[in-house]
Amino acid sequence: MKHQTLDQINAVADVQAEAPALIANRGQRLERWAQLLEQSPSRRLTALAGTEYAPPDVRERMRTDGSAITVAFEDPIFRAQGLQDDTYGEAKRFFEMSDWQLHEVVCHCHVGANMPARWAASRVRAAVSPGAGILAWLRAVFMH
């Protein structure tokens, strides 16, 4: 391995140091997550089963391949900012969501075994503006 100064690395690398600063707060992280989900609006995402019934320690470790949380974890910027895995507990911590808010995005009781990514995006956006209520959520669902 060859030692190089930061200036030498910057000369050959596509370094975008400003990207993490652009999504520094909770609302920005949630908005980016919604945008990531909307990139493939028809993508079928796997729902988590029974998040509201699982004991807290089990719920924290819940995950499934291809979930809405997996979409967030696939993002290199989120990983660079500290998203460590695609578990329920890690998403709750990273996105600063309550159990109820995250349940609304990922749980199977609303949609069955899977859901289109656009649906998950609308639920993430509802968490950005919790005062918007069900009417804003319905508007988002039907406009996509």
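Let us look at the structure shown here. (Residues numbered from 1 in each chain as written. Predicted model: local features only at pLDDT ≥ 70, side-chain atom pairs only at ≥ 80, totals over all residues. Heavy atoms only, no water.)

### Remarks on the packing of helix α8 (residues 99–106) against helix α9 (residues 117–128)
Packed helix pairs are specified by the crossing angle of their axes together with the interaxial distance, meaning the distance between the axes.
Here is step 1 of the chain: α9 packs onto α8 with a crossing angle of 160 degrees between their chain directions and a minimal axis gap of 8 Å. One finds that α8 runs roughly antiparallel with respect to α9. The crossing of α8 and α9 is right-handed. Where α8 abuts α9, its residues Q101, E104 and V105 lie against W119, A120, R123, V124 and A127.
Here is step 2 of the chain: Residue classes in the contact of α8 with α9 are distributed as 5 nonpolar, 1 polar and 2 charged. (Axes fitted to C-alpha atoms, helices over the stretch in contact; angles between N-to-C directions. Helix = DSSP H or I, 4+ residues; strand = E, 2+ residues; numbered from the N terminus. Parallel < 35°, antiparallel > 145°, perpendicular 65-115°, else oblique. Left-handed = near helix turned anticlockwise from the far one by under 90°. Contact = heavy atoms within 4.5 Å. Nonpolar A, V, L, I, M, F, W, Y, C, P; charged D, E, K, R; others polar.)

### So, unusual backbone geometry
Here is step 1 of the chain: Residues other than glycine seldom take positive phi values, yet E96 does so here, at roughly 55 degrees.
Here is step 2 of the chain: On the secondary structure map, E96 appears in the loop between α7 (88–94) and α8.

### Side note on the nonpolar core
Here is step 1 of the chain: Formed by 31 residues in total, the largest nonpolar core has its most connected members in W33, L37 and F95.
Here is step 2 of the chain: Breaking this core down by element, the ones donating at least two residues are α3 (26–38), α5 (68–73), α7, α8 and α9.
Here is step 3 of the chain: At 6 residues, the largest contribution of residues to this core is made by α9.
Here is step 4 of the chain: Those residues in contact with L37, other than ones at most four positions away along the chain, are L45, A68, V71, A117, A120, A121 and V124. (Core = buried A, V, L, I, M, F, W, Y, C linked by side-chain atoms within 4.5 Å. Buried < 20%, exposed > 50% of the residue type's maximum accessible area, 1.4 Å probe, protein only.)

### Quick word on the environment of E38
Here is step 1 of the chain: Tracing the backbone shows E38 in helix α3.
Here is step 2 of the chain: Along the primary structure E38 and R118 are separated by 80 residues, whereas in three dimensions their C-alpha atoms are 5.5 Å apart.

### Digging into the pattern of salt bridges
Here is step 1 of the chain: Enumeration over the complete set of coordinates arrives at 12 salt bridges.
Here is step 2 of the chain: In this structure, E60 engages K92 in a salt bridge whose closest nitrogen and oxygen atoms are separated by 3.8 Å. Here the residue E60 occupies a position in helix α4 (residues 56–61), and K92 occupies one in helix α7, the gap between them amounting to 32 residues.
Here is step 3 of the chain: Overall, E60 belongs to the partly exposed group, its relative accessible area being 30%.
Here is step 4 of the chain: On the basis of relative accessibility, which here comes to 23%, the residue K92 falls in the partly exposed class. (Salt bridge = Lys/Arg side-chain N within 4 Å of Asp/Glu carboxyl O.)

### Thoughts on the packing of aromatic side chains
Here is step 1 of the chain: Enumeration according to the criterion identifies 4 aromatic pairs in this entry.
Here is step 2 of the chain: Ring geometry for F78 and F94: centres 5.3 Å apart, planes at 75 degrees, overall edge-to-face. With a gap of 16 residues between them, F78 in helix α6 (residues 76–80) and F94 in helix α7 connect regions that are remote in the sequence.
Here is step 3 of the chain: A network of ring pairs unites the aromatic residues W33, F78, F94 and F95 as a single cluster.
Here is step 4 of the chain: If you follow R32 out to its NZ or CZ, it ends over the ring of F78, 6.0 Å from the centre.
Here is step 5 of the chain: In this structure, R79 packs its charged tip against the face of F73, placed 5.7 Å from the ring centre. (Phe/Tyr/Trp six-rings, centres within 6.5 Å; stacked < 30°, edge-to-face > 60°. Lys NZ or Arg CZ within 6 Å of the ring centre and 35° of its normal.)

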